[in-house]
Amino acid sequence: MISVNDLSPGELAALLHFHADAGVEWLLEEEAVDRFAEFEAMRAARRSAAPTQQAVPPSGGSARQAAPTQPRAAAAERPVAQRPSIPDGEAVQQARFAAESARSLDELKTAIEAFNGCNLKHSARSTIFASGDAASGIMVIGSGPGAEDDREGQAFAGRPGLLLDKMLAAIGLERSAIMLTQVIPWRPPGNRIASPAEMDICRPFIERQIALAESKVVLLLGNYAARVFFGEGDTIHGLRGQWREIGVDGRMIPAMATLHPQDLLTAPVNKRLAWQDLLAFQAKLATL
């Protein structure tokens, strides 16, 4: 095993980034967890759920039957958390009702934080909601919360957020003067892509954010956000740099997609493409 003391600062940083990309985020929990008791509780629950086996005496034989095996109680059982299971169709209806009932962004935030119909919420630490100045009419939407977003409780945290700040500054914008949000409010485990059912549940919330903010123009960052709103399965390279319209609350809003800051951190050569898109976005703002 290699000791941390044997690694250079660069090697240690690379190792930490590798673990973060693999989904390893916290080495310690906020509260102590007795894993042995947790395992015993799960094993006992499985035994109690299994059908009782009883021996049936053969014809003409002894009426003696084998006593059913009783599960042994764990020394320190820990109850297994039960999460509500709501059919996807019903969850979509509940999400739509909660979103449409909100008459302000503050009410919508409260409604999303109270909503329990999406399984993504149960594995996420934070609910990510729009932040910034709604009066600007400008909304930037990412493809989903990352690990640092989930940890800090805000959209575009960490290195991608710092790069986004530089991208915005290059066209005369700053995050506090526009609206920033993510297409889904909860981080999927391991940064996986949200399933179609999960997106159907979350869609009323992001559309209501756009409507209540009275957005006049939208910038979509990354593959997933572009596909959600444009309804196409192409890559971001095929969807970027084109002005389209998205329908929200009876209004058609001009929208453009470009590469996500994380894409640019992974492949800096694509910064020139993002710069072209940002210039087109800046030109559009000048006409509003």
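So, how was this worked out
Residues numbered from 1 in each chain as written. Predicted model: local features only at pLDDT ≥ 70, side-chain atom pairs only at ≥ 80, totals over all residues. Heavy atoms only, no water. Buried < 20%, exposed > 50% of the residue type's maximum accessible area, 1.4 Å probe, protein only. Helix = DSSP H or I, 4+ residues; strand = E, 2+ residues; numbered from the N terminus. Pairing = 2+ DSSP bridges. Phe/Tyr/Trp six-rings, centres within 6.5 Å; stacked < 30°, edge-to-face > 60°. Lys NZ or Arg CZ within 6 Å of the ring centre and 35° of its normal. Axes fitted to C-alpha atoms, helices over the stretch in contact; angles between N-to-C directions. Parallel < 35°, antiparallel > 145°, perpendicular 65-115°, else oblique. Contact = heavy atoms within 4.5 Å. Nonpolar A, V, L, I, M, F, W, Y, C, P; charged D, E, K, R; others polar. Salt bridge = Lys/Arg side-chain N within 4 Å of Asp/Glu carboxyl O. Core = buried A, V, L, I, M, F, W, Y, C linked by side-chain atoms within 4.5 Å. pLDDT = per-residue confidence, 0-100.

Caption draft 1: Examining the pairing of strand β4 (residues 217-221) more closely. Most of β4 sits out of view: five of its five residues are buried. Relative to β4, strand β2 (residues 138-142) runs parallel, the two being bridged by four bridges. Across the sheet, residue Met139 finds its bridge partner in β4, namely Val218.

Caption draft 2: Looking closely at the packing of aromatic side chains. By the definition in use, this model includes two aromatic pairs. Ring geometry for Phe115 against Phe205: centres 5.2 Å apart, planes inclined by 75 degrees, an arrangement best described as edge-to-face. Here Phe115, found in the loop between α4 (105-114) and α5 (120-123), pairs with Phe205, found in helix α8 (residues 196-212); they are 90 residues apart in sequence, far enough to count as distant. With 6.0 Å between their ring centres and 15 degrees between their planes, Trp243 and Phe281 make a pair best called stacked. Here Trp243 is found in the loop between α10 (236-239) and β5 (244-248), whereas its partner Phe281 is found in helix α12 (residues 271-285), with 38 residues between them in sequence. Take Phe281: its relative accessible area is 1%, and that puts it in the buried class. The lysine or arginine in question, Arg244, covers the ring of Phe230, its NZ or CZ lying 4.7 Å from the ring centre. In this arrangement the basic side chain of Lys284 is found over the ring face of Trp243, its NZ or CZ atom lying 5.4 Å from the centre.

Caption draft 3: Representation of the packing of α8 against helix α9 (residues 223-230). Two elements in contact, α8 and α9, have axes whose closest approach is 12 Å; the angle formed by their N-to-C orientations is 85 degrees. With respect to their mutual orientation, α8 and α9 come out roughly perpendicular. For the pair formed by α8 and α9, the contact residues are Met199, Arg203, Ile206 and Ile210 on the first element and Tyr224, Val228 and Phe229 on the second. In the contact of α8 with α9, the residues fall into six nonpolar, no polar and one charged.

Caption draft 4: Structural context of the environment of Ala147. Within the secondary structure layout, Ala147 lies in helix α6 (residues 147-152). Residues Ala147 and Arg125, 22 residues apart in the sequence, show an inter-C-alpha distance of 9.6 Å.

Caption draft 5: Quick peek at the sheet that holds strand β1 (residues 131-132). Read from one edge to the other, the open sheet built from six strands follows the order β1-β3-β2-β4-β6-β5, with strand pairing classed as mixed. Looking at the sheet topology across the chains shown, the edges are occupied by β1 and β5.

Caption draft 6: Region of the structure containing the pattern of salt bridges. One pass over the full model with this rule turns up five salt bridges. Between Arg244 and Glu232 there is a salt bridge, with its nearest N and O atoms 2.6 Å apart. Of this pair, Arg244 sits in strand β5 while Glu232 sits in the loop between α9 and α10, and the two are 12 residues apart along the sequence. The class of Glu232 is partly exposed, set by a relative accessible area of 35%.

Caption draft 7: Molecular detail of the nonpolar core. The biggest cluster of nonpolar side chains holds 70 residues, and the ones touching the most others in it are Ile141, Phe229 and Phe230. When residues in this core are grouped by element, the largest group, seven residues, is from α8. Among residues more than four places away in sequence, those in contact with Phe229 are Ile141, Val183, Ile206, Ile210, Leu220 and Ile246.

Caption draft 8: Examining the confidence of the model for the chain more closely. With 73% of its residues at a pLDDT of 70 or more, the chain shows a mean pLDDT of 83. In this model, residues 52-82 is a region of pLDDT below 50 whose contacts with residues beyond four sequence positions or in other chains number 27 contacts.

Caption draft 9: Spotlight on the pairing of strand β6 (residues 251-258). With respect to burial, β6 is a largely interior element, six of its eight residues being buried. The pairing of β4 with β6 spans four bridges and is parallel. Bridged to Leu220 within β6 is Ala257. Pairing analysis gives five bridges linking β5 to β6, with the strands arranged antiparallel.

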